[in-house]
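# Remarks on the overall topology
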Amino acid sequence: QTEIVDPCLLGTLNVLDACKRSTTVKRVVCTSSVTAVRVRNDFKPDDVLDESVWSSPDCCRETQASMWYGLGKTLSEQAALEFGKESGIDVITIAPRELLSSRATASAADILRLLQGKPFYIGRTEEGHHAGYVHLDDVAEAHLLAYTNPKASGRYVCSAINMSAIELASFMSKRYPKHKIASTDE
C-alpha cells in the first residue's frame, strides 16, 4: 500500500493539481492500465471487459502482491476522472491491454515465457482464458487521438486483439518455428 498504491494516487493527484493551477491546461490524458479493469473474481468466461468495468479494490487487496499495482491504477484512475469532474479540467484515461513492442515491456514476459518453452500465465492456459494485446505505437496513437479529438471524453480501454494462451502459443510457433514454444495442452 505505502510503496505502490499511495505514491501512484498521490502522484496522479499532484500532476492534476498542477494542471488545475495552470491557466493553459484544459485537457489531460492519463495512462492507466488494464489492471484497473480486469482484477475481479466475479467474471464469467464470456464477460466483456469494457470502459464500464472496474477492478475490485477488495479483490486487488486479496490477490497476490502484484495486484497492489492494479489497486494503485484503479484508485488513481478513478480519482483522476473524479478530479476532472470537480475541477472542470477535461480528464481522459487510456487503459491499454498487454503491450507489444520492439522493445522489452513487462507484458512481453508472457511471450518470453513461451519462447523459453515455459507455460504461459502459470495456471492460466485453459481454453477460456484470453488476454488482450496492443502495440505500443497504437497506444501512443490512442493518446494523441484522445488529446486532439474534441469529442473524446472519459475512459478508453485500448486493445487490438484478444487471444487465448493456446492461440498465442500457436501463433508464436508458426511465427518462430526454430524456438521450442511451450505446449499449452498440459
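Presented here is a report on the structure given in the accompanying data block. Since this is a predicted model, take the numbers as computed values, not measurements.

Reading the values: rules and limits
- Residues numbered from 1 in each chain as written.
- Predicted model: local features only at pLDDT ≥ 70, side-chain atom pairs only at ≥ 80, totals over all residues.
- Heavy atoms only, no water.
- Helix = DSSP H or I, 4+ residues; strand = E, 2+ residues; numbered from the N terminus.
- Contact = heavy atoms within 4.5 Å.
- Areas by Shrake-Rupley, 256 points an atom, 1.4 Å probe, with all protein chains shown as cover.
- Buried < 20%, exposed > 50% of the residue type's maximum accessible area, 1.4 Å probe, protein only.
- Pairing = 2+ DSSP bridges.
- Arc of directions from axis to C-beta.
- Salt bridge = Lys/Arg side-chain N within 4 Å of Asp/Glu carboxyl O.
- Axes fitted to C-alpha atoms, helices over the stretch in contact; angles between N-to-C directions.

### Regarding the overall build of the protein chain
Across its full length, the protein chain carries 7 helices and 6 strands. Helices and strands appear in the protein chain in the N-to-C order α-β-α-α-α-β-β-α-β-α-β-β-α. Looking at the protein chain alone, contacts between residues at least 24 apart form 72% of all its contacts between residues at least 6 apart. Accessible surface, the protein chain as shown: approximately 11,000 Å² in total, 54% of it carbon and sulfur.

### Things to note about the pairing of strand β2 (residues 90–96)
With respect to burial, β2 is a largely interior element, 6 of its 7 residues being buried. Pairing of β2 with strand β5 (residues 154–158) involves 5 bridges; the strand directions are parallel. In the strand pairing of β5, T93 is matched with R155.

### Concerning helix α7 (residues 165–175)
Listed as buried for α7 are A165, L168, A169 and M172. The buried side chains of α7 occupy one side of the element, clustering within an arc of 100° when seen end-on.

### A few points about the pattern of salt bridges
Summed over the entire model, instances satisfying the criterion amount to 5 salt bridges. D17 is paired through a salt bridge with R21; the nearest N and O atoms lie 3.4 Å apart. Residue D17 and its partner R21 are located together in helix α1 (residues 5–21), separated by 4 residues, close to a single helical turn. Owing to a relative accessible area of 31%, D17 belongs among the partly exposed residues under this scheme. A salt bridge links R61 to D58; its shortest N-O distance comes to 3.4 Å. On the criterion of helical spacing, the pair formed by R61 and D58 is a turn pair, its members being 3 residues apart in helix α3 (residues 57–62). A relative accessible area of 47% places D58 in the partly exposed class.

### Some details on the sheet that holds strand β1 (residues 27–31)
As summarised here, the arrangement of the 3 strands in space is β1-β2-β5, forming an open sheet in which the pairing is parallel. In the strand order of this sheet, the two ends are held by β1 and β5, each with one partner. Neighbour to neighbour, the strand axes of the sheet diverge by 20° on average, direction disregarded. On the sheet, helix α6 (residues 136–148) packs against β1, β2 and β5 and is oriented at approximately 160° with respect to β1.

### Comments concerning the side chain of T35
Among the secondary structure elements, T35 is positioned in helix α2 (residues 35–38). Residue classification places T35 among the buried positions, given a relative accessible area of 5%. Discounting residues that sit within four places of it in the chain, T35 has contacts with S55, Y69, G70, K73 and T74.

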